[in-house]
Amino acid sequence: MQVSVMSSIDTTHEDMIHDAQMDYYGRKLATCSSDRSVRVFEVNGNTQTHVATLRGHDGPVWQVSWAHPMFGGLLASCSYDRKVIIWKENSNGWMKLQEFINHDSSVNSLCWAPEAYGLMLACGSSDGSVSIISSEGDGHWQVKKINNAHTIGCNAVSWAPSTHPGSLFNIADEPKRGEIEKRLVTGGCDNLVKIWKMSATDGQWEEEEKLEAHSDWVCDVAWAPNIGLPTSKIASCSQEML
């Protein structure tokens, strides 16, 4: 199987590829597969070089996500094996930085938060919960969980942009980093799309809104980037047949 990025890249995976993600600068590509591996490629114009094969999962790897470069070379992956692995690039290549088993079933989706939120990773699982893994950059990691976020299972997670709607027109109202309201959207096997907000008082995650537009499993969600326009937009897709 091949992934198209301007030109065709031979990913050399031995099984089906489930995800492919470019980094912030578009210079690195990460792919993941049912062969239990994550592969990293350097992309330079029409030249692509396979630089690393990352092995640490014991099942199909469903998704990968790059952290913002201000946090260093961090790449996260999630798998059917219930694991979330954070990989780090250093002068000697790639290494496993952290491994988390916070779920009782397959971890289907993960997404790093906007850099203004800090170093935060949201993960959705077939056990119905969503975990939020965070660090202050001191080597210590904290895990918070939204239990029973979706009955049967959570299939997708996506963060809201850190720019507030309307801030393009009123720069004075744009919050400072510590004041930013953290929100994310999830989609699940209960046919629902849900918006979650982190409480400013106790740091716990609360359901803000439930969107009931689908009649079958919600397979993916995406919160649109916001450059300060007056409204927020979320896209969702389902396996329903119209």
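Quick caveat, the model's predicted, so the values are computed rather than measured. Position labels on residues start from 1 in each chain and follow its written sequence. Confidence filtering applies because this is a predicted model: local features only for residues at pLDDT of at least 70, side-chain atom pairs given and counted only at 80 or more, and all residues used for totals across whole chains, interfaces and linings. Computation of side-chain values covers all heavy atoms of the structure but excludes hydrogens and water.

Draft legend 1. Layout of the side chain of Ser106. Locating Ser106 in the fold gives a position in the loop between strand E10 (93-100) and strand E11 (107-112). Using a relative accessible area of 5% as the deciding quantity, one classes Ser106 as buried. Whenever a nitrogen or oxygen atom comes within 3.5 Å of another N or O atom, the pair is scored as a polar contact, on the condition that within protein one atom can donate a hydrogen and the other can accept it, and that pairs from neighbouring residues in sequence are kept only if both atoms are in side chains. Polar contacts involving the side chain of Ser106 include one to the side chain of Asn108, which spans 2.8 Å. Contact criterion: two residues are considered in contact whenever any of their non-hydrogen atoms come within 4.5 Å of each other. If sequence neighbours within four positions are ignored, Ser106 has contacts with Trp62, Ser79, Tyr80, Arg82, Gly124, Ser125 and Ser126. The helix and strand labels rest on DSSP assignments: H or I over at least four residues marks a helix, E over at least two residues marks a strand, and numbering proceeds from the N terminus. To sort residues, take the accessible area from a 1.4 Å probe on protein chains only and compare it with the maximum for the residue type: under 20% means buried, over 50% means exposed, and anything in between is partly exposed.

Draft legend 2. Up close: the sheet that holds strand E12 (residues 119-125). Two strands are said to pair when DSSP picks up at least two bridges between them. Strands sit in the order E11-E12-E13-E14 across an open sheet of 4 strands; the sheet is antiparallel. With partners counted over all chains shown, the strands left at the sheet margins are E11 and strand E14 (141-146), one partner each. Pairwise comparison of adjacent strand axes, ignoring direction, gives a mean angle of 20 degrees for this sheet. Relative to strand E13 (residues 130-135), E12 runs antiparallel, the two sharing 6 bridges. Bridge assignment links Cys123 to a residue of E13, and that residue is Ser131. Only C-alpha atoms enter the line fits that serve as axes; for helices the fit covers just the stretch in contact. Angles between N-to-C directions range over 0 to 180 degrees.

Draft legend 3. Summary view of the pairing of strand E8 (residues 74-79). Of all 6 residues in E8, 6 are buried; the element is thus mostly enclosed. Neither face of E8 is open: one carries Leu74, Ala76 and Cys78, the other Leu75, Ser77 and Ser79, and all of them are buried. In the sheet, strand E7 (residues 61-66) pairs with E8 via 5 bridges, with the strands oriented antiparallel. Opposite Val64, over in E8, you have Ser77 as the bridge partner. Pairing geometry for E8 and strand E9 (residues 84-90), over 5 bridges, is antiparallel. Among the inter-strand pairings, Cys78 is bridged to a residue of E9, identified as Val84. The hairpin formed by E8 and E9 contains 4 residues between the paired strands, and Arg82 there has a positive phi angle of roughly 80 degrees.

Draft legend 4. Local environment of the confidence of the model for the protein. Scored by pLDDT, the protein has a mean of 89; 88% of the residues are at 70 or more. When the criterion is pLDDT under 50, residues 1-7 qualifies, and its contacts beyond four places in sequence or with other chains add up to 14 contacts. Confidence of the predictor at the level of single residues is captured by pLDDT, which takes values from 0 to 100.

Draft legend 5. Seen up close, the sheet that holds strand E16 (residues 183-188). On the basis of which strands lie adjacent, the open sheet formed by 4 strands has the order E15-E16-E17-E18 and antiparallel pairing. Since the sheet does not close on itself, it has two edges, and those belong to strand E15 (154-159) and strand E18 (205-211), each with one partner. The average undirected angle you get between the axes of adjacent strands in this sheet is 25 degrees. With 5 bridges connecting them, E16 and strand E17 (residues 193-198) associate as antiparallel partners. The residue bridging Val185 from the neighbouring strand is Ile195, located in E17.

Draft legend 6. Quick peek at the pattern of salt bridges. Each salt bridge in this description consists of a side-chain nitrogen of Lys or Arg and a carboxyl oxygen of Asp or Glu lying within 4 Å of one another. Inspection of the entire model under this criterion finds 7 salt bridges. Taking the shortest distance from any N to any O, the salt bridge between Lys83 and Glu99 comes out at 3.8 Å. A residue pair is termed long-range when its members are at least 10 positions apart, and Lys83 in the loop between E8 and E9 and Glu99 in strand E10 qualify at 16 residues. Judged by its relative accessible area of 10%, Lys83 is buried. Given a relative accessible area of 35%, Glu99 falls into the partly exposed group. Across the salt bridge formed by Glu208 and Arg183, the nearest N and O atoms sit 3.0 Å from each other. In this pair, Glu208 sits in strand E18 while Arg183 sits in strand E16, placing the two residues 25 residues apart along the sequence. A relative accessible area of 34% places Glu208 in the partly exposed class. Among the charged side chains, a network of salt bridges with common partners joins Asp58, Lys83, Lys96 and Glu99.

Draft legend 7. Quick peek at the environment of Gly128. Along the chain, Gly128 turns up in the loop between E12 and E13. On the basis of relative accessible area, Gly128 is assigned to the buried category, the value being 1%. In this structure the C-alpha to C-alpha distance between Gly128 and Ile152, which are 24 residues apart in sequence, comes to 5.7 Å.

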